[in-house]
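Residue-level listing of the chains:
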Amino acid sequence: EDKVVQSPLSLVVHEGDTVTLNCSYEVTNFRSLLWYKQEKKAPTFLFMLTSSGIEKKSGRLSSILDKKELFSILNITATQTGDSAVYLCAVNFGNEKLTFGTGTRLTIIP
Amino acid sequence: DAGITQSPRHKVTETGTPVTLRCHQTENHRYMYWYRQDPGHGLRLIHYSYGVKDTDKGEVSDGYSVSRSKTEDFLLTLESATSSQTSVYFCAISEYRGRETQYFGPGTRLLVL
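Quick caveat: nothing in here was measured; it's all calculated off a predicted structure. Throughout, a residue's number is its position along its own chain's written sequence, starting from 1. To read the labels, note that chains go from A and ligands from 1, taken in the order they are written. Per-residue local features are limited, in this predicted model, to residues with pLDDT of at least 70; the limit for side-chain atom pairs, both in listing and counting, is 80 or more; totals at the level of whole chains, interfaces and linings are taken over all residues. Excluding hydrogens and water, the side-chain values take into account all heavy atoms of the structure.

Asks: Any chance you could explain the pattern of salt bridges here in plain terms?
Replies: Pairing of side chains with opposite charge becomes possible as their charged atoms draw close. All names here are of chain B. Salt bridges are defined by distance alone: a side-chain nitrogen of Lys or Arg within 4 Å of a carboxyl oxygen of Asp or Glu. Under the counting rule described, the total for this entry stands at 6 salt bridges over all chains. Ionic pairing is found between Asp 73 and Lys 70, a salt bridge with its closest N-O pair at 3.3 Å. When a residue's accessible area, from a 1.4 Å probe over protein chains only, is under 20% of the maximum for its type it is buried; when over 50% it is exposed; and in between it is partly exposed. The buried category is assigned to Asp 73, whose relative accessible area is 7%. Taken together, the shared-partner salt bridges connect Arg 22, Lys 70 and Asp 73 into one network.

Right, dumping it as structure tokens:
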């Protein structure tokens, strides 16, 4: 069964801290891994990763994939209160569908 | 933001009644999806469509049916709503070529009493 596991389930940090969110998956037929940010509304797309070792970066957010060890990390540096959200990881296992993890709830304290 | 709307945005209904949720897109994307989101379960795929009149089941399809008669509209029907179908429902779309990247609608919050 295709499976995506995110850790930690929740995380509380102070503004300005750096955080690392984890996503691991079980391999069947991996094609891509995606990160989404969800505030009190619909998930919004952050990154898609397909190749191992290549970092995707957007401002203070970055992500990298390790296809050998079957995981990805999402880093957020110099966190701000606007980064508070649930971060979702999803994997495409070689078909038209995405399998989602349960998410990491990140809370930034001012 | 991708042009995706969902209606209604909120609905309260009673057990046993039929309910239809609508997803409308203006992006002319081929793929459309229905998910439900519940605490502790994340987003789970109900049904998806890969073209007009072409649909397939997801992991939690029991109790749900879908229809797609036009590219822009994807309907989700609960034939006889149950309390276990209380959830937030999201529609998503993706292009044919980059179909892994899905863009989500604003969601419909459904309460079945």
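Asks: What exactly am I supposed to notice about the interface of chain B and chain A here?
Replies: Much of the literature gives interface size as the accessible area that the parts lose upon coming together. The partner chain A presents 18 residues to the 20 residues of chain B that form the contact. Accessible area, probed at 1.4 Å, shrinks when two parts are joined; the buried area is that loss added up over both. Across the chain B to chain A interface the summed buried area is about 1600 Å²; carbon plus sulfur atoms make up 59%. By the criterion of area lost to chain A, the three top residues of chain B are Leu 43, Glu 100 and Phe 104 of chain B, representing 34% of everything that side buries. Summed over the shared surface of chain B and chain A, the number is 0 salt bridges. For this analysis, residues touch if any pair of their heavy atoms sits within 4.5 Å.

Asks: In this structure, what is going on with the pairing of strand S8 (residues 73-78) of chain B? I would like to understand it.
Replies: Consecutive residues of a regular strand have side chains that alternate between opposite faces of the sheet. Residues and elements named next belong to chain B. Counting from the N terminus, the helices are the DSSP runs of H or I reaching at least four residues and the strands are the DSSP runs of E reaching at least two. Of all 6 residues that make up S8, 5 are buried, and the element is covered over most of its length. At least two bridges found by DSSP between two strands is the condition for calling them paired. Relative to S8, strand S3 (residues 19-25) runs antiparallel, the two sharing 6 bridges. Counterpart to Thr 20 in the pairing with S8 is Thr 77. One ladder, built from 5 bridges, connects strand S7 (residues 64-70) with S8; its direction is antiparallel. Its bridge partner being in S8, Ser 67 is matched across the sheet by Leu 75. Taking the residues that link successive antiparallel strands as the turn, the S7-S8 hairpin has 2 residues.

Asks: Can you help me understand the packing of aromatic side chains in this one?
Replies: Two aromatic rings, taken as a pair, are described by how far apart their centres are and by the angle between their planes. Pairing of aromatic side chains requires ring centres within 6.5 Å, counting the rings of Phe and Tyr and the six-membered ring of Trp. Pairs whose planes differ by under 30 degrees are stacked, by over 60 edge-to-face, and all others tilted. Under the defined criterion, the tally for this structure stands at 14 aromatic pairs over all chains. Each member of the aromatic cluster is reached from another via a ring pair, and the members are Tyr 36, Phe 45 and Phe 100 of chain A together with Tyr 31, Tyr 33, Tyr 35, Tyr 48, Tyr 50, Phe 90, Tyr 103 and Phe 104 of chain B.

Asks: Just to check I follow, could you spell out the environment of Arg 105 of chain A for this structure?
Replies: All names here are of chain A. With respect to the secondary-structure elements, Arg 105 resides in strand S11 (residues 104-109). Sequence separation between Arg 105 and Glu 15 is 90 residues, and the spatial gap between their C-alpha atoms is 15 Å. With near-sequence residues (within four places) excluded, Arg 105 lies in contact with Leu 9, Ser 10, Leu 11, Ala 85 and Val 86.

Asks: When you look at the sheet that holds S8 of chain B in this model, what are you seeing that I'm missing?
Replies: What holds strands together in a sheet is hydrogen bonding between their backbones, with the strands either parallel or antiparallel. Residue and element names in this part refer to chain B. What the 4 strands build is an open sheet, ordered S1-S3-S8-S7; its pairing is antiparallel. Strands with a single pairing partner mark the edges of an open sheet, and in this sheet they are strand S1 (4-7) and S7. Strand-to-strand twist in this sheet, taken as the mean axis angle between neighbours without regard to direction, amounts to 20°. Note: S1 against S3, 4 bridges, orientation antiparallel. As a rule, the C-alpha atoms of each element are fitted with a line to give its axis, helices using only the stretch in contact, and angles between N-to-C directions run from 0 to 180 degrees.

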